[in-house]
Amino acid sequence: MPSDYWELNYKELNKDTVKICYLCGRELSGEVSPDHVIPTGLFAKGSPKRPQLAVHHGCNNSKSFEDEKFIRQIQVMGSLNPDAEAEAIKLLHKAQAQKPNAYIIGKSHLLRDYKKAVGLLDKTSWGMQLVVDGDVKSALHFGKENAELVAAYMKRLCRGLYIRNVPDATPAIPRLRGVQYAAAKLAGNLEEFTTPVNTLMQQCGYVQQWGNRVRYAGNFLSSDISKGFVFVEFYGEVGYLAMFE
C-alpha cells in the first residue's frame, strides 16, 4: 500500500444497506453496476481503497461521459499543484496533437488558454498575479458555465461519498459551496470558506486521503443520519463543502 494513503473509520461496505442510487436518488433496483464515486483519473496509479458504490447501470453509463470532462476541469482549477499541472499539460499536448490549431498562449507551464486546446472552458482567463511559496503564479478565473457543470457533478459525488460512509442514510441533493483557493485568496474571501470547514472537520467521523491529490471527510450531524456534511479537496488547491440538510 502506498505510504501516502491515510484513512479514518473507513469500513468495509455492507452493500445490502445501500438503499438508493446516489446518481439519480431513486431506489436501487434492477440492473446495477459498480461505480467509482471519485473518478479514477484523479488518483495516482495504484491508489488503494478508492470509494465505490453500486448504481443503476444506466446511470453509470451516463456518468462515464461526464467523468473525463470533470477530471480535466478539476486539474485546470488545481494547476498550481505540480501534479495537477503535469496531468493537465499532458492532456493539452494530446489535444494539440489532435487539433493543429490548438495552442497554449504564453509560458508553457501556465495553462493560459485551455479552451483553445480542448474546448472545455468558458471565458477562461488568468487574473492577478499571486506569490505562492516565493514564486509568482497566476490565479485561474473559471467560466460560469463550467463552474455550474462542476457543481452539479460535485453534488452527486458528495452524496455518493456520504452514502458510502453512512450507508443507511438517504441524503438529498446537498447545498454546495466550492472555491479555488488561490482565486479566493486574491478576492480576500478564502476564510469565509475555510472557517466553517475547519469547524466541521473537528466533528468528522471518516476521512480518506491520497497524498496531495484527493482527500475528503464527513459525518452526520444530528440524530437524523441523512443530515450532515462532506468536505472534498483536490490537489490542495480546490475545495468543496456539501451540506445535507
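Note: the structure precedes this text.
In what follows, the accompanying structure is described. Keep in mind that what you see is a predicted model, and the values were worked out from it rather than measured.

1. Topic: the overall build of the chain
Stage number 1. Tallying secondary structure elements over the chain gives six helices and 10 strands in all.
Stage number 2. Within the chain, buried positions represent 49% of all 245 residues.

2. A look at unusual backbone geometry
Stage number 1. A positive phi angle, close to 60°, is found at Asn9, a residue other than glycine.
Stage number 2. Within the fold, Asn9 resides in the loop between β1 (5–8) and β2 (32–36).
Stage number 3. The exposure class assigned to Asn9 is partly exposed, which follows from its relative accessible area of 48%.
Stage number 4. The backbone of Lys49 sits at a positive phi, close to 50°, despite the residue not being glycine.
Stage number 5. Within the secondary structure layout, Lys49 lies in the loop between β2 and β3 (52–56).

3. A short note on the pattern of salt bridges
Stage number 1. Evaluated as defined, the whole model comprises nine salt bridges.
Stage number 2. Between Glu7 and Lys49 there is a salt bridge; the shortest N-O distance is 3.2 Å. You can see Glu7 sitting in strand β1 and its partner Lys49 sitting in the loop between β2 and β3, a full 42 residues away along the chain.
Stage number 3. Residue Glu7 is classed as partly exposed on the basis of its relative accessible area of 26%.
Stage number 4. Here Lys49 falls in the partly exposed class, since its relative accessible area comes to 37%.

4. Overview of the packing of aromatic side chains
For any two aromatic rings, the description comes down to two numbers: the centre-to-centre distance and the angle of the planes.
Stage number 1. The full count for this structure, using the stated rule, is nine aromatic pairs.
Stage number 2. An angle of 45° between the planes, with centres 6.4 Å apart, marks the rings of Tyr181 and Phe193 as tilted. Taken together, the residues span a long stretch of sequence, with Tyr181 in helix α5 (residues 181–187) and Phe193 in helix α6 (residues 190–201) at a distance of 12 residues.
Stage number 3. Three or more aromatic residues joined by ring pairs form one cluster here, namely Tyr5, Phe43, Tyr206, Trp210 and Tyr216.
Stage number 4. A cation over an aromatic ring shows up here: Arg50 above the ring of Phe43, its NZ or CZ 5.9 Å from the ring centre.

5. Observations concerning the pairing of strand β10 (residues 238–244)
Stage number 1. Counting buried residues along β10, seven of its seven residues qualify, which places the element largely inside the surrounding structure.
Stage number 2. In β10, alternate side chains face the same way, and those of Val238, Tyr240, Ala242 and Phe244 on one face and Gly239, Leu241 and Met243 on the other are all buried.
Stage number 3. Where strand β6 (residues 175–180) lies against β10, six bridges are found, and the strand directions are antiparallel. When the sheet's bridge partners are listed, Arg175 is paired in β10 with Met243.
Stage number 4. Bridge analysis of strand β9 (residues 228–234) against β10 gives seven bridges, and the strand direction is antiparallel. Bridge pairing links Gly228 to Phe244 in β10.
Stage number 5. Hairpin connection, β9 to β10: the antiparallel pair is bridged by three residues, and Tyr235 has positive phi, about 60°.

Calculation rules
- Residues numbered from 1 in each chain as written.
- Predicted model: local features only at pLDDT ≥ 70, side-chain atom pairs only at ≥ 80, totals over all residues.
- Heavy atoms only, no water.
- Helix = DSSP H or I, 4+ residues; strand = E, 2+ residues; numbered from the N terminus.
- Buried < 20%, exposed > 50% of the residue type's maximum accessible area, 1.4 Å probe, protein only.
- Salt bridge = Lys/Arg side-chain N within 4 Å of Asp/Glu carboxyl O.
- Phe/Tyr/Trp six-rings, centres within 6.5 Å; stacked < 30°, edge-to-face > 60°.
- Lys NZ or Arg CZ within 6 Å of the ring centre and 35° of its normal.
- Pairing = 2+ DSSP bridges.

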